[in-house]
Amino acid sequence: MRLRTLVMSTLAAATFGSSLARGADTPAATTPPAGTGGSESTSQLITIETSDKALETVLQWISRRAGVNIVCNEVDQPRITLRLVNVTWQEAVQQIATKYDLVVEKASERIWNLTRPPKVRMEFQDARLGVVLEALARQANVNIVFTDIDADKKITMTLNGVPWKEALDVIVKDAGLAWIQREYNIIQVVTTDKLQKDLVTRIFPLNYTQAEDINKAVANQLGDGGKSVIDVPSNSLVVTATPPALDAIARIVQSLDSRTRQVQIEMRFMEFSNADVQRIGFDPVNLSMDIAN
């Protein structure tokens, strides 16, 4: 019998973790085997199973696998009990933040902060905009500066336990204004015309998604005067927009530029001929054998 075997290994839709890492002070976790492709900082799927571990310990563990610095500088930090299976490190960090009432802020490409921003409770009836902003600044313990705006504009509002940045965003947008975060914890409230003079350019390198697709997804976040350009050779998106718009675009890019889950499919094709067995008297139809002397 002549037998030929062809084995094909096809990488189709993701690769699941296979190695288990445990430690007395770290969560039990799995990561994909080495050499599966993609950059180390974004491609790994992890599994976390931890009980009553310090937040700092869990974040350090994730940081080593993500290749970025994930920190929390809050004095009162929670102890983490969590189980997540086959998630990206970004999803894991966001889930921790949501469960323990924290907020994820991207300080730079290599530093992510988990913070617990002050929440405000405010109730005003036909109050002046300037009075509302001053009350918000006192509750949030931040510096709010506003010039060349209509500070006498009347506002009616009720906010109960809202993170101060979200509250500020609602207030200024309702007044047809915008805000910019400066250094030293200073917030500047400006008109939209002035905001257009404060455009910033940021480059978003993409690992798993085509820049053209991301460009379509962020088009409605550019705002007046904003623009985006695709750099095809590096598969990057160059965006010029206001700082708040860039922050919104960064969140969209982080969510969409993720590795597609894959599974390895192995197929075996076998091809044979019965000419050889027929010469020794094997009948494949009647399943009998007649061996001639």
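Calculation rules
- Residues numbered from 1 in each chain as written.
- Predicted model: local features only at pLDDT ≥ 70, side-chain atom pairs only at ≥ 80, totals over all residues.
- Heavy atoms only, no water.
- Pairing = 2+ DSSP bridges.
- Helix = DSSP H or I, 4+ residues; strand = E, 2+ residues; numbered from the N terminus.
- Axes fitted to C-alpha atoms, helices over the stretch in contact; angles between N-to-C directions.
- Buried < 20%, exposed > 50% of the residue type's maximum accessible area, 1.4 Å probe, protein only.
- Arc of directions from axis to C-beta.
- Contact = heavy atoms within 4.5 Å.
- Phe/Tyr/Trp six-rings, centres within 6.5 Å; stacked < 30°, edge-to-face > 60°.
- Salt bridge = Lys/Arg side-chain N within 4 Å of Asp/Glu carboxyl O.
- Core = buried A, V, L, I, M, F, W, Y, C linked by side-chain atoms within 4.5 Å.

Asker: Just checking my understanding: could you explain the sheet that holds strand β16 (residues 236–241) for this structure?
Answerer: Two modes of strand pairing occur in sheets, parallel and antiparallel, and in both the strands are linked by backbone hydrogen bonds. On the basis of which strands lie adjacent, the open sheet formed by three strands has the order β14-β16-β15 and antiparallel pairing. Of all the strands in the sheet, just β14 (200–205) and β15 (227–231) have a single pairing partner and so form its edges. With direction set aside, neighbouring strand axes in the sheet form an average angle of 20°. Across six bridges, β14 lies against β16 in antiparallel orientation. Paired with proline 205 across the two strands is serine 236, which belongs to β16.

Asker: Any chance you could explain helix α5 (residues 164–174) here in plain terms?
Answerer: The periodicity of an α-helix, 3.6 residues per turn, causes residues three or four places apart in sequence to face the same way. Those residues of α5 that sit buried are Trp164, Ala167, Leu168, Ile171 and Val172. Projection of α5 onto a plane perpendicular to its axis shows the buried side chains occupying an angular sector of 120°, all on one side. Seen from the open side of α5, the exposed residues pointing more than 90 degrees away from its buried face are Val170, Lys173 and Asp174. Packing partners of the buried residues in α5 comprise β9 (119–128), α4 (129–140), β10 (143–146), β11 (154–163), β12 (177–181) and β13 (186–191). Positive backbone phi, at 75°, marks glycine 176, one or two positions downstream of α5.

Asker: Looking at this structure, how should I read the pairing of β15?
Answerer: The side chains of a regular strand alternate between both faces of the sheet. Direction of pairing for β15 relative to β16: antiparallel, over a ladder of five bridges. Paired with lysine 227 across the bridge in β16 is threonine 240. Where β15 folds back onto β16 in an antiparallel hairpin, the turn is made up of four residues, including asparagine 235, whose phi is positive at roughly 50°.

Asker: What exactly am I supposed to notice about the packing of aromatic side chains here?
Answerer: Given two aromatic rings, their pairing is described by the distance between the two centres and the angle made by the two planes. Throughout the structure, instances matching the rule amount to one aromatic pair. An angle of 90° between the planes, with centres 5.4 Å apart, marks the rings of tryptophan 89 and tryptophan 112 as edge-to-face. Here tryptophan 89 is found in helix α3 (residues 89–99), whereas its partner tryptophan 112 is found in strand β8 (residues 111–115), with 23 residues between them in sequence. Looking at tryptophan 89, the relative accessible area reads 6%, which means it is buried. Here tryptophan 112 falls in the buried class, since its relative accessible area comes to 7%.

Asker: Looking at this model, I keep getting lost on the pattern of salt bridges. Mind explaining?
Answerer: Oppositely charged side chains can form a pair if their charged atoms are brought close together. With the rule as written, the count across this model stands at seven salt bridges. The shortest N-O distance in the salt bridge between arginine 83 and glutamate 49 comes to 3.9 Å. One end of the pair, arginine 83, is in strand β6 (residues 79–87); the other, glutamate 49, is in strand β4 (residues 46–54), and 34 residues separate them in sequence. When the shortest N-O distance is used, the salt bridge between aspartate 247 and arginine 202 registers 3.7 Å. Of this pair, aspartate 247 sits in helix α8 (residues 243–256) while arginine 202 sits in strand β14, placing them 45 residues apart in sequence. Overall, aspartate 247 belongs to the partly exposed group, its relative accessible area being 38%.

Asker: Where do I start with the nonpolar core in this structure?
Answerer: For soluble globular proteins, the rule of thumb is that nonpolar side chains tend to be buried together. Grouped together as the largest cluster of nonpolar side chains are 27 residues, with contacts concentrated most on Leu136, Ile144 and Leu168. Elements represented by at least two residues in this core include exactly β9, α4, β11, α5, β12 and β13. Looking at which element gives the most residues to this core, the answer is α4, with seven residues. Residues in contact with leucine 136, not counting those within four places in the same chain, are Val120, Met122, Ile144, Trp164, Ala167, Leu168 and Ile171. Ranked by size, the runner-up nonpolar core spans 24 residues in total, among them Ile48, Leu55, Ile70 and Val93.

Keep in mind these numbers describe shape, not what the thing actually does.
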